[in-house]
Amino acid sequence: MIDFSLTPEQEAIQKMAREFAQKEIAPVADEYDRSGEYPEAVVRKAFEAELVYGSIPEEYGGGGVGALDQLIAVEELSAACAGISACIAINSLAAIPLVLRGSEEQKKKYLGTICREEKKMALCVTEPEAGSDVASITTSARKLNGEYVISGSKCFITNGGVADYYIVFASVDRSKGHRGITAFIVPREAEGVSVGKREDKMGQRAADTTDVSFDEVKVPLAARIGEEGEGFRIIMQTFNHSRPGVAASAVGVARAALDHALNYSLQRSQFGIPIFMQQSIMFMLADMARDITAGRLLAWKAGWMAEQGIDNSAEAAMAKVFCGDMVMRATTDAVQVYGGYGYVKDYPVEKLMRDAKVFQIYEGTSQVQRLLIGRALAKAKMS
Ligand SMILES: Cc1cc2nc3c(=O)[nH]c(=O)nc-3n(C[C@H](O)[C@H](O)[C@H](O)COP(=O)(O)OP(=O)(O)OC[C@H]3O[C@@H](n4cnc5c(N)ncnc54)[C@H](O)[C@@H]3O)c2cc1C
């Protein structure tokens, strides 16, 4: 059965997230974009509204909402500000390795704590010399006296400067390549953890993006998530769950771009008629509406598959690359619809275009998503 309608619960989540976005995010979005400060007050309100850990199972203190419900909420938050939305969404995203592969004790301890005490999380994969090539990370974890000792530096970490817990990927044996990568949970307060440079970004400026270093950080054996060498698989599974959400966030930004551009095109007249009546403008808007609808469906399908436990690696990559490229096109076209006014900060679409760019970069670049889709095609052909 294929049913595209939202359930009453999903409609309620959408309404709640939309109202939160309009009341708490939209009025301060420009201010945080300008200052580049972390929106602590908004994130606190998001915790109160149960928007932060909505997707964590109820038995561990989360909201217990499904993956699709989460996408619906993320689209609403991102339509108001992708940067602030990222500050909210990164927490449950970073918790995915624990949800997927944490032991019962780890889930009770860590998921219970982050939900109950409203703690923040970050996911530490990327390193200065290991971006797309995740398998080449050099952060190490060696066993010593019944503990792991973690050393290495991560970069571009969302929530890096504000997180209470880091999910860190390190190699227990570099000679094993990706089979040596292992996941750990590391508290911010652990000795040897330090936060470095905060990036001054083009867009999504409210999000806190920093270097994080681990200098001989000792964690107990119980801080390891899954088995030794399982980390690469955990990263890939995490991306399969997170990419539909990133795609939904891009849909939210594109929707905002269309909304602004449509309003403007109906109000702005040149040559005696609203510019909307010029076919070149109307077709741009029509293409935006078409692509937003297609992107949303791809995101929903990939999210639904994740929720059902179906392998969605190709679909998650399709949703991510389509929506990443789509939001860049939509926001660029929105600037075009505004003409010169689109290029200045007094009007909203300039920010949307800056916010859009990173959707083609983080959570795996658009090129890497195409590689994943290509490999899935070949695998399906050969099996
Ligand atoms: C705002 C922001 C937030 C981020 N948040 C996080 C976070 O929370 N946690 C985290 O771990 N990381 C995070 N990242 C890092 C992000 O995931 C990486 O930037 C991304 O994976 C790309 O890695 P790179 O920047 O090293 O680029 P590179 O891997 O050096 O790529 C450079 C270019 O080469 C292309 N390229 C590389 N390899 C191939 C290939 N095999 N085939 C074709 N093209 C290729 C890429 O597509 C890209 O265009 C964040 C990044 C940004 C900008």
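Here, every reference points to the structure presented above.
I will try to describe carefully the structure that is included in this document. (Residues numbered from 1 in each chain as written. Predicted model: local features only at pLDDT ≥ 70, side-chain atom pairs only at ≥ 80, totals over all residues. Heavy atoms only, no water.)

1. Regarding the environment of Lys 345
Working step 1: Of note, Lys 345 is situated in the loop between helix 10 (313-338) and helix 11 (349-357).
Working step 2: Taking relative accessible area as the criterion, Lys 345 reaches 61% and is therefore assigned exposed.
Working step 3: Setting aside its immediate chain neighbours within four residues, Lys 345 contacts Glu 350 and Arg 354.
Working step 4: A polar contact of 2.9 Å, which involves the side chain of Lys 345, links it to the side chain of Glu 350. (Helix = DSSP H or I, 4+ residues; strand = E, 2+ residues; numbered from the N terminus. Buried < 20%, exposed > 50% of the residue type's maximum accessible area, 1.4 Å probe, protein only. Contact = heavy atoms within 4.5 Å. Polar contact = N/O pair within 3.5 Å; in protein donor to acceptor, adjacent residues only side chain to side chain.)

2. Quick notes on the site of the ligand
Working step 1: With respect to spatial proximity, 16 residues lie near the ligand, and among them Thr 126, Ser 132, Phe 156, Thr 365 and Gln 367 are the closest.
Working step 2: One nitrogen or oxygen atom from the main chain of Leu 123 is found 2.8 Å from a nitrogen atom belonging to the ligand.
Working step 3: In the environment of the ligand, a nitrogen atom lies 2.8 Å from a nitrogen or oxygen atom belonging to the backbone of Phe 156.
Working step 4: When residues of the shell around the ligand are traced back to their parent elements, those giving at least two are strand 3 (147-158) and helix 12 (366-382). (Near = heavy atom within 4 Å.)

3. Digging into the packing of aromatic side chains
Working step 1: In the structure shown here, the tally under the stated rule is eight aromatic pairs.
Working step 2: Taking 6.0 Å as the distance between ring centres and 65° as the angle between the ring planes, the aromatic pair formed by Tyr 338 and Tyr 347 counts as edge-to-face.
Working step 3: Both rings, one in Tyr 341 and one in Tyr 347, keep their centres 5.4 Å apart while their planes meet at 65°; by these two values the pair is edge-to-face.
Working step 4: On the basis of relative accessibility, which here comes to 37%, the residue Tyr 341 falls in the partly exposed class.
Working step 5: A residue is classified by how much of its surface remains accessible, and Tyr 347, at 31% relative accessible area, is partly exposed. (Phe/Tyr/Trp six-rings, centres within 6.5 Å; stacked < 30°, edge-to-face > 60°.)

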